[in-house]
Amino acid sequence: MTGAVTAGREVGRATVLVLGGTSEARAVAADLAGRPGLRVISSLAGRVRDPALPAGQVRIGGFGGARGMADWARAEGVGAVVDATHPFADTISAHAVEACARARLPLLRLLRPGWQAQPGDDWHHAGSLAEAASLLPALGARVFLTTGRQGLAAFAALDRLWFLIRCVDPPHGPMPAHHEVLLARGPYAREPERALMRHFAIGVLVTKDSGGPMTAGKLAAARDLGLPVVMIRRPDPPAAQSVPAVDDAVRWVLGQLPARHRAPHSAGA
Ligand SMILES: NC(=O)c1ccc[n+]([C@@H]2O[C@H](COP(=O)([O-])OP(=O)(O)OC[C@H]3O[C@@H](n4cnc5c(N)ncnc54)[C@H](OP(=O)(O)O)[C@@H]3O)[C@@H](O)[C@H]2O)c1
């Protein structure tokens, strides 16, 4: 990856776009926003009603595809892009690759590692929500569904099963006939997750392989209770330089800066 972050529309400040919607994106923005000479703009899709807002500037809503993102980045004088979106947000990640190629901008993908099965786990891998749904009747009658409010239609035909559907905002559209919706936002720890699964007499857990510690408590709880887990595989990663951790992404951004901007961090600057 070549090219330095160039001065943005604000004189003397380099501009970095962080594609967000994750805790890692907020952590990158929190670190970079306190540095002199740097303007950080985080971008959120606008899916969640009351999003946790990152430090620095924030824009909310789609760009109108890859071309729209490239035009927007040019207009804002963006000099580098960090794609810190969720591992399953593959459309925006593909758009970031195309937009950065169009606008000749350096791009970094911050992608947290996927979860690894541990001794005692009973994981059943699925390539899609539809495949996950097809596995369920053989695994349990009471399902804890933690794949988010999008895509519930894939489970709608399973009218012999009961679902506990956990999501941040209320779901709509087709969904299983027998269900209870639990509105909640992580992080989720092991003990409360185990208590929740016991309370609802859960027989099987469905999750995306989101990775990270914030929602891993459900995996430990399922292990404790001897429950099977349907683990939905990640989409292919985008064709971009990738790092696994927030510190790596911060270092990469600072490495893109012209030397005059590489001042040490000063909180509140
Ligand atoms: N997918 C998940 O399981 C999941 C879980 C937790 C958080 N999230 C977060 O929720 C957001 C939406 O996820 P998704 O899976 O629905 O995305 P997606 O399918 O990859 O993207 C669909 C469209 O939403 C817009 N978009 C997505 N992320 C955006 C962002 N950060 N800033 C501006 N526009 C964005 C883009 O619209 P335009 O084409 O108009 O630009 C994109 O084409 C992402 O930011 C992601 O980090 C997703």
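Caption draft 1: The overall build of the chain, seen in detail. Looking only at helices and strands, the chain features seven helices and 12 strands. For 269 residues, the compact-globule formula gives about 18 Å, and the C-alpha radius of gyration of the chain, at 20 Å, lands near that figure. On the principal axes, the C-alpha backbone points of the chain span a range of 60 × 35 × 30 Å. Taking all 269 residues of the chain together, 45% fall into the buried category. By sequence separation, contacts in the chain at least 24 residues apart represent 66% of the contacts at least 6 residues apart. Here the chain holds 30 positive side-chain charges and 22 negative ones, and the gap between their average locations is 5 Å.

Caption draft 2: How the structure looks around the nonpolar core. By size, the foremost hydrophobic cluster in this structure holds 21 residues, and its most contacted members are V18, L32, L38, V82, L110, A249 and V253. Breaking this core down by element, the ones donating at least two residues are β1 (14–19), α1 (23–33), β2 (38–44), β4 (78–83), β5 (107–110) and α7 (246–256). Among the elements that take part in this core, α7 stands out by supplying five residues, more than any other. Leave out the neighbours within four places in its chain, and L38 touches R13, A14, V16, L32, V253 and L257.

Caption draft 3: Just the site of the ligand, in detail. The local shell around the ligand holds 23 residues, among which G20, S43, F63, G64 and K208 are the closest. Contact between the ligand and G64: an oxygen atom at 2.9 Å from a main-chain N or O atom of the residue. Measuring from an oxygen atom of the ligand, one finds a backbone N or O atom of I92 at 2.9 Å. Within the complex, 78% of the 800 Å² of free accessible area of the ligand lies under protein. When residues of the shell around the ligand are traced back to their parent elements, those giving at least two are β2 and α3 (90–103). Residues of the shell around the ligand, tallied by class, amount to six nonpolar, 13 polar and four charged.

Caption draft 4: Representation of the pairing of β4 in the model. Counting buried residues along β4, six of its six residues qualify, which places the element largely inside the surrounding structure. One ladder, built from five bridges, connects β1 with β4; its direction is parallel. Counted as the bridge partner of V16 is A80 from β4. In the sheet, β4 pairs with β5 via three bridges, with the strands oriented parallel. Bridge pairing in β5 places V81 opposite L107. In this fold, β4 hands off to α3, which returns the chain to β5; that crossover is right-handed.

Caption draft 5: Inspection of α3 at higher detail. Given a rise of 1.5 Å per residue, 14 residues ought to cover 20 Å, and the 20 Å separating the end C-alpha atoms of α3 matches this to within 8%. Along α3, the residues that are buried comprise S93, A96, A99, C100 and A103. The buried residues of α3 occupy one face: seen down the axis, they fall within an arc of 125 degrees. Turned more than 90 degrees away from the buried face of α3 sit T91 and A101, all of them exposed. Buried positions along α3 lie against β1, α2 (65–76), β4 and β5.

Caption draft 6: Region of the structure containing α7. A249, V250, W252, V253, L254 and Q256 are the residues of α7 that are buried. Structurally, α7 contributes buried residues whose contacts are with β1, α1, β2, β4, β5 and β12 (241–243).

Caption draft 7: The side chain of R166, seen in detail. With respect to the helices and strands, the residue R166 is situated in strand β8 (residues 162–167). Within the local environment of R166, its side chain forms a polar contact with the side chain of E193, the two groups lying 2.8 Å apart. Apart from the residues lying within four places of it in its own chain, the contact partners of R166 are F144, L145, T146, G148, L182, A184, Y188, E193, L196 and K218.

Caption draft 8: Focus on the side chain of R223. On the secondary structure map, R223 appears in helix α6 (residues 217–225). Side chain to side chain, R223 and D121 meet in a polar contact 2.8 Å long.

Caption draft 9: Seen up close, the sheet that holds β2. Ordered in space as β3-β2-β1-β4-β5-β12, the six strands form an open sheet in which the pairing is parallel. Sheet topology places β3 (57–60) and β12 at the edges, where each strand pairs with a single neighbour. Each strand of the sheet is rotated relative to its neighbour by a mean of 25 degrees, with strand direction disregarded. Where α1 meets the sheet, it contacts β1, β2 and β5, and its direction lies at approximately 160 degrees from that of β2.

Calculation notes
- Residues numbered from 1 in each chain as written.
- Predicted model: local features only at pLDDT ≥ 70, side-chain atom pairs only at ≥ 80, totals over all residues.
- Heavy atoms only, no water.
- Helix = DSSP H or I, 4+ residues; strand = E, 2+ residues; numbered from the N terminus.
- Rg over C-alpha atoms; globule rule 2.2 N^0.38 Å.
- Buried < 20%, exposed > 50% of the residue type's maximum accessible area, 1.4 Å probe, protein only.
- Contact = heavy atoms within 4.5 Å.
- Lys, Arg positive; Asp, Glu negative; His and termini not counted.
- Charge placed at Lys NZ, Arg CZ, Asp CG, Glu CD.
- Core = buried A, V, L, I, M, F, W, Y, C linked by side-chain atoms within 4.5 Å.
- Near = heavy atom within 4 Å.
- Polar contact = N/O pair within 3.5 Å; in protein donor to acceptor, adjacent residues only side chain to side chain.
- Areas by Shrake-Rupley, 256 points an atom, 1.4 Å probe, with all protein chains shown as cover.
- Nonpolar A, V, L, I, M, F, W, Y, C, P; charged D, E, K, R; others polar.
- Pairing = 2+ DSSP bridges.
- Right-handed = clockwise from strand over helix to strand, strands pointing away.
- Expected span 1.5 Å × (residues − 1).
- Arc of directions from axis to C-beta.
- Axes fitted to C-alpha atoms, helices over the stretch in contact; angles between N-to-C directions.

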